[in-house]
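Residues per chain, in single letters:
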Amino acid sequence: MISFIIRRVLLVIPTFVAIAFLTFVAIRLVPGDPVEARTGERGISPERLAYFRHELGLDQPVWKQFLDYLWQIAHGDFGTSISTQTPILTEFTTLFPATLELATCAMLFATILGIPAGVIAATRRGTFVDYTLMGAALTGFSMPIFWWGLLLILFFSVDLGLTPVSGRIDLLYYFEPVTGFMLIDSWLSGEEGAFASAVSHLILPTIVLGTIPLATIARMTRSAMLEILGEDYVRTARAKGLSPFRVVGIHALRNALIPVVTVIGLQVGALMAGAVLTEYIFSWPGIGSWLIESIQRRDYPVLQGGILLVSGIVILINIFVDLLYGVLNPRIRHAR
Amino acid sequence: MPAERTAAIAAPKAPPGPFASFFRDFSENRAALVGLILLGLLVFIAIFANLLAPYSPIEQFREFTRIPPAWVEGGNRAFLLGTDEIGRDMLSRLIFGARLSLFIGLSVVVASMAVGIVLGLVAAFAPGWPSIVIMRAMDVILSVPSLLLAIVIVAIIGPSLTNTIVAITVVYLPYYVRLVRASALQEKTRDYVTAARVGGAGTLRIMFRTVLPNCMAPIIVQAALTISNAILEAAALGFLGLGAQPPSPEWGAMLASAREFLQSAPWIVTEPGLAILITVLAINLVGDGLRDALDPKMRRS
């Protein structure tokens, strides 16, 4: 098991270097002179150009520039934002909790509703309930979530006036971030109404980001359950007179959950992609909005560093899911 | 059902061919059939867009801005689905948008499938460094979240319809490469491949004529999934202002400019999104039907 973990982690390094290489090359393909882009000056004099080229290391051979870049990354230096002059890693760590909070809530929402929906559809296979649930799941699966977000805003915020349209909390409240998670921080602040405000800001983004995972989990749970319910040991459990609830809930569901956990793990990448759209719609101050803004401002170092950091996190989470899978499923563990 | 069964017993026929049995399985799935009809309708609309659309998608009727759909108070019969913020006919834009969306979906599938099949077969038949290089490269593509990768590619090569297609093709490439390689590796060890080799077939012939046709079933299912996802991602890029550019009637781009009219003219927002949803749903229904019909494990279960 330990050698498996080590091997799996070591394999990440070449992938990570390759992503760094691709972003490094990609940034150099962007039309326009990097010095002009960074200094914001046009028609720069040759002396100043030479000075900046030296300052930015652009007079070095390209391979040397790349090695220097890797060296910087290895020391936690992902570059500096052009527009704010803040280190990219600092910006990332400030904004990441917002995305993490949203993604966690969306995943909880999807799992808590998706697994029961799948189980109910599987046990009532071929009935009206099954068709309704699976029809809804396929609709959710096909949903353009940016439009879904606008519809929810139209209905809940504009027509009913129930939820706020953007941000993480009312501007009324201000407190120093402790954990970076608005739900926890607003609770800790003890200010009256702060927690409720944070919750109401979180509801619509959670639904929007959670819709596709919810549909995927429901569909996956149903098909896994259908497969398991046909197994001999389920028939045995039924035959020895166990209650249907026990058969489905204990005997079948536990085994059906193995593929479902994998699917939940695989959603991490999709969740980051969905977060970009969700954050953009709800002006949620997270990594997604940050990356879109960096494109609009042509702040390419942010784009470069941001993509690298996001990919790194997705890769690490995928490894974690792989390991968790080994723990959950003894067959996999022993096969290795 | 019982009547059918006795009829089948009474008149034994020759076993149906693979296509006939596939179609029987597919058409038994009523949802898939509905999807197919919807999709057929959308393809029809897309092909004959210039005959069906009452106006040009970019013609501006300056005196008729933000007219609601005809059945709403204040609507105008001349503009069935209303007009947008600068007086363009929504129906005509949606009809031409169908052409764009289906074109994007189809282009992405054809491109990623063609390149994916070649790379996947090479990875399966050329062990050693070609295989390693290809598969590692695919790992790298897969480790960047799909929409983010498309966004980065478009940010670098510039936002346009063609670049949207290029970017989404790159995003979906790894799925085909992995799928083709895995099934080709499995098929490669079968007796019929050895027989073909003994019969003197060259590697290229074995790759494309002997092995590839036997790997097609999962590839076709993946293709259906790719079309619907490609349409969704192209619309997402359009919505973020990184895809098709105005005045193009691409559905996502239509939503991008409509955001500020959410309150005053909601139909500008609801209609393009509904068009995306219906199209993607139809394709997914067909895709589910294809998967069930092509996967022998799911058949009649």
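Up top is the structure.
Just so you know, these numbers come straight off a predicted model, no measurement behind them.

(A) Layout of the overall build of chain A. Of regular secondary structure, chain A possesses 14 helices and 0 strands. In sequence order, chain A lays out its α and β elements as α-α-α-α-α-α-α-α-α-α-α-α-α-α. Projecting the C-alpha coordinates of chain A onto the three principal axes gives extents of approximately 90 × 55 × 35 Å. Taking all 336 residues of chain A together, 45% fall into the buried category.

(B) The arrangement of unusual backbone geometry in detail. Going from B:Pro246 to B:Pro247, the amide bond is cis rather than trans, its omega being 10 degrees. Structurally, the position occupied by B:Pro247 is in the loop between α11 (216–239) and α12 (251–258). In this structure, A:Gln85 is a non-glycine residue whose phi angle is positive, near 60 degrees. Within the element layout of this structure, A:Gln85 appears in the loop between α4 (62–74) and α5 (88–123). On the basis of relative accessible area, A:Gln85 is assigned to the exposed category, the value being 56%.

(C) Region of interest: the nonpolar core. Residues A:Phe146 and B:Ile151 are the most contacted members of the largest nonpolar core, which totals 132 residues. Residue contributions to this core reach at least three from each of two domains, namely domain 1 (34–77) and domain 2 (92–335) of chain A. If we ignore the near neighbours within four places in the chain, the residues touching B:Ile151 are A:Val276, A:Ile292, A:Ile295, B:Leu237, B:Leu240 and B:Leu242. In this structure, A:Cys105, A:Leu209, A:Val234 and A:Ala237 belong to the second largest nonpolar core, which totals 28 residues.

(D) Here's a closer look at the interface of chain A and chain B. Counting from both sides, the interface comprises 41 residues of chain A and, opposite them, 38 residues of chain B. Summed over both partners, the interface of chain A with chain B buries about 3,500 Å², with 79% contributed by carbon and sulfur atoms. Counting across the chain A and chain B interface gives 1 salt bridge. The partner of B:Asp288 in a salt bridge is A:Arg219, and the shortest N-O contact between them spans 3.0 Å. For the interface between chain A and chain B, the tally reads 5 residue pairs in polar contact (both at pLDDT 80 or more). Among the elements of the structure, α1 (2–29), α6 (128–141), α7 (145–159), α11 (244–282), α12 (287–296) and α13 (300–328) of chain A are those that each provide at least two residues to the side of chain A that touches chain B. A class-by-class count of the residues in the side of chain A that touches chain B yields 34 nonpolar, 5 polar and 2 charged.

Parameters at a glance
Residues numbered from 1 in each chain as written. Chains lettered and ligands numbered in written order. Predicted model: local features only at pLDDT ≥ 70, side-chain atom pairs only at ≥ 80, totals over all residues. Heavy atoms only, no water. Helix = DSSP H or I, 4+ residues; strand = E, 2+ residues; numbered from the N terminus. Buried < 20%, exposed > 50% of the residue type's maximum accessible area, 1.4 Å probe, protein only. Core = buried A, V, L, I, M, F, W, Y, C linked by side-chain atoms within 4.5 Å. Domains from an automatic or database assignment. Contact = heavy atoms within 4.5 Å. Buried area = accessible area lost by both parts, 1.4 Å probe. Salt bridge = Lys/Arg side-chain N within 4 Å of Asp/Glu carboxyl O. Polar contact = N/O pair within 3.5 Å; in protein donor to acceptor, adjacent residues only side chain to side chain. Nonpolar A, V, L, I, M, F, W, Y, C, P; charged D, E, K, R; others polar.

Worth remembering: the numbers are spatial, not functional.
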